[in-house]
Amino acid sequence: MALPNPWHHCGGGGNIHFMLAFCTIIIMLVLQKSLNLYLYLPTQIILETSATNASTQIKIPLYDLSNISTGCIINQHNNISYLQHMHQSSNFILKESNLAQLRPQNFVVLPRFNSSSTLLGGVAVFRNTFIQAETFPVVFDCQSIYVPESCKAAEGKKESFDVSKLKNQEASPVVKLNDTTIMIYQYWGESYYHAIVEVIPRISYLLDFIRQQLKDGQKVNILSPHRYIMDNGRQEVITSLLGFPLTENLSWVAYDTSKTYFARHLLIPAGTQCGHAQLQCLLELQHTMKRNIPYVLENELKNLTEDKYDTDNNANDYNKTVILVQKRMFSRKLSNHDELVKRLREEFASCCVVKEFFGTESFAWTVAIHHIAHIIIGPHGAGLSNVIFSKRDSAVGMIEIHTQYGNWGNNGVNKCHQATAMAAGLKSRLLVQKDGSRFGADFKADIKEVVSAVYDLLEQNGTS
């Protein structure tokens, strides 16, 4: 469809800045009238790079509307025959690397976030798009069916967008998201490890963009897993730790797999494979949280200080190293946990304070106590994901105690927490025990081995 040329009416003298602004408004009105679409001005995000010891800022254009498909036409999205026709002619695209190759206008590559040549860092951008997810998120914009990179995304080849669900909206209602929507939902996103290490860090791609949108009074939806992100008050804590104001313009939308979503403007920050922390995302996240934790968790940190577990107090424990020992309450428990804690307190009484973490604490307390810990010790389990809340400049290391059987491949040792610790800037020790009849069973820790590992970390840090 040929559009009228609004620049034809923008000649003449006068103030050039006024004329440019006036002509820009005319262009937007003409496009909106002609295409009957919600339009968004091209935007830039500014990514601070101080987390990587760089002093400059990088301006990155987020998207260019002129090159992005209009997607599923708004006033036709209830026309099932139209959608079925477009669905049949759509190509299937799996992962960001293929999207960047086949529809480069729909993926902004951010090279410093690249994990490899096939795991690209960046943001996928769509307009007027349907989203479904029984297990994996599937995006359909009447041109392509797209499965974003995330945990087990390769298995998304088995799935496709189900147009028939739109016929019966009582059984599968369509939820319309009229504002900018950022999708971070993924497979296993309702599990703590994946939520903390794989899901939340993806917001790092768009921290400054979200802040700017909110500052400008624009609304933003974050389409997210519910459990461990939005339940039990975590949502407000996470929002504040990310540096976002608690405002009605920022909505966390709990993904419901029984529903289909329709997003006017969809941004999908790149994900990672199962069990792999995205290094640059974690750096950005840690840098942001380090700046905000003292203010957001002021009361929790104060309580820890009064309890003599913060290194910034003036009591006898001033400058002592904080050793935090995690106790699992269900599977993979250390049957000699109490004995281990007692031995650590006796062995390191002169230099360290030993604190226990049970996993039943509030999320705010969880973040705070891992933030002040210098050495984190625990059996293999999701609780070790909390190492990302540690202080990168003062934390010493993590000691993971793993049963002889794991859940990686054929009962192999799962080293996902080792990768997270290293990404978080911690020295890590993996102690594989000879005890344990199967993965998930309770087992004993070799206490002498744990004590030796603590000495090793302390010596490397110059503490002992």
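Here, every reference points to the structure presented above.
Residues numbered from 1 in each chain as written. Predicted model: local features only at pLDDT ≥ 70, side-chain atom pairs only at ≥ 80, totals over all residues. Heavy atoms only, no water.

Q: Any chance you could explain the sheet that holds strand β15 (residues 397-402) here in plain terms?
A: Adjacent strands of a sheet form backbone hydrogen bonds with each other and so pair up, either parallel or antiparallel. As summarised here, the arrangement of the five strands in space is β13-β12-β14-β15-β16, forming an open sheet in which the pairing is parallel. The open sheet terminates on both sides in strands that have one partner only, identified here as β13 (352-357) and β16 (427-432). The mean angle between the axes of side-by-side strands here comes to 15°, regardless of whether they run parallel or antiparallel. Taken together, the five bridges between strand β14 (residues 375-379) and β15 define a ladder with parallel strand orientation. Looking at the pairing, Ile-377 lines up with Ile-399 of β15. Docked against the sheet, helix α9 (residues 337-347) engages β12 (321-326), β13, β14 and β15, running at close to 160° with respect to β13. (Pairing = 2+ DSSP bridges. Helix = DSSP H or I, 4+ residues; strand = E, 2+ residues; numbered from the N terminus. Axes fitted to C-alpha atoms, helices over the stretch in contact; angles between N-to-C directions. Contact = heavy atoms within 4.5 Å.)

Q: Hey, could you run me through the nonpolar core in this one?
A: The tendency in soluble globular proteins is for nonpolar side chains to be buried as a group. Counting 65 residues, the largest nonpolar core has Ile-203, Ile-210 and Trp-252 as its most contacted members. In this structure, Leu-344, Phe-348, Val-396 and Val-454 belong to the second largest nonpolar core, which totals 25 residues. (Core = buried A, V, L, I, M, F, W, Y, C linked by side-chain atoms within 4.5 Å. Buried < 20%, exposed > 50% of the residue type's maximum accessible area, 1.4 Å probe, protein only.)

Q: What exactly am I supposed to notice about the packing of aromatic side chains here?
A: Each aromatic ring pair is described using two quantities: the centre-to-centre distance and the angle formed by the ring planes. A complete count under the given rule lists twelve aromatic pairs for this structure. Summarising the aromatic geometry, the rings of Phe-126 and Tyr-146 are spaced 5.6 Å apart at their centres and angled 35° between planes, so their arrangement reads as tilted. Remark: Tyr-146 occurs in strand β7 (residues 144-147) and Phe-126 occurs in strand β5 (residues 122-132); sequence separation between them is 20 residues. On the basis of relative accessible area, Phe-126 is assigned to the buried category, the value being 1%. You can call Tyr-146 buried: its relative accessible area is 1%. Aromatic pair Tyr-185 and Tyr-255: ring centres 4.5 Å apart, planes at 20°, arrangement stacked. Pair noted here: Tyr-185 is in the loop between β8 (174-183) and α4 (192-199) and Tyr-255 is in the loop between β10 (250-254) and β11 (260-269), with a separation of 70 residues, a long-range link. (Phe/Tyr/Trp six-rings, centres within 6.5 Å; stacked < 30°, edge-to-face > 60°.)

Q: Which parts of the structure should I look at to understand the packing of helix α8 (residues 298-306) against helix α10 (residues 363-372)?
A: Look at α8 against α10: their axes get within 9 Å of each other, and the N-to-C directions meet at 55°. Here α10 runs oblique to α8, going by the angle between their axes. α8 and α10 meet at a crossing whose hand is right-handed. The segment α8 lies against α10, with Glu-300, Leu-301, Asn-303 and Leu-304 engaging Ala-364, Trp-365, Ala-368, Ile-369 and Ile-372. Residues that form the contact of α8 with α10 fall into these classes: seven nonpolar, one polar and one charged. (Parallel < 35°, antiparallel > 145°, perpendicular 65-115°, else oblique. Left-handed = near helix turned anticlockwise from the far one by under 90°. Nonpolar A, V, L, I, M, F, W, Y, C, P; charged D, E, K, R; others polar.)

Q: For this particular structure, what's the right way to read the state of the cysteines?
A: One covalent bond between the sulfur atoms of two cysteine residues makes up a disulfide. Under the definition given, this model contains two disulfides. Note that Cys-72 is cross-linked by a disulfide to Cys-142, the S-S spacing being 2.1 Å. Residues Cys-72 and Cys-142 are joined by a disulfide whose S-S torsion is about 105°; by sign, that bridge is right-handed. Separated by 70 residues along the polypeptide, Cys-72 in the loop between β2 (57-61) and α2 (80-89) and Cys-142 in the loop between β6 (138-140) and β7 bring together distant segments of the chain. Residue Cys-142 is classed as buried on the basis of its relative accessible area, which comes to 6%. At a sulfur-sulfur separation of 1.8 Å, the disulfide partner of Cys-151 is Cys-274. Around the S-S axis, the bridge from Cys-151 to Cys-274 shows a dihedral of about 95° and counts as right-handed. Of the two residues, Cys-151 is situated in the loop between β7 and β8 and Cys-274 in the loop between β11 and α7 (279-296); the sequence distance between them amounts to 123 residues. (Disulfide = S-S within 2.5 Å.)

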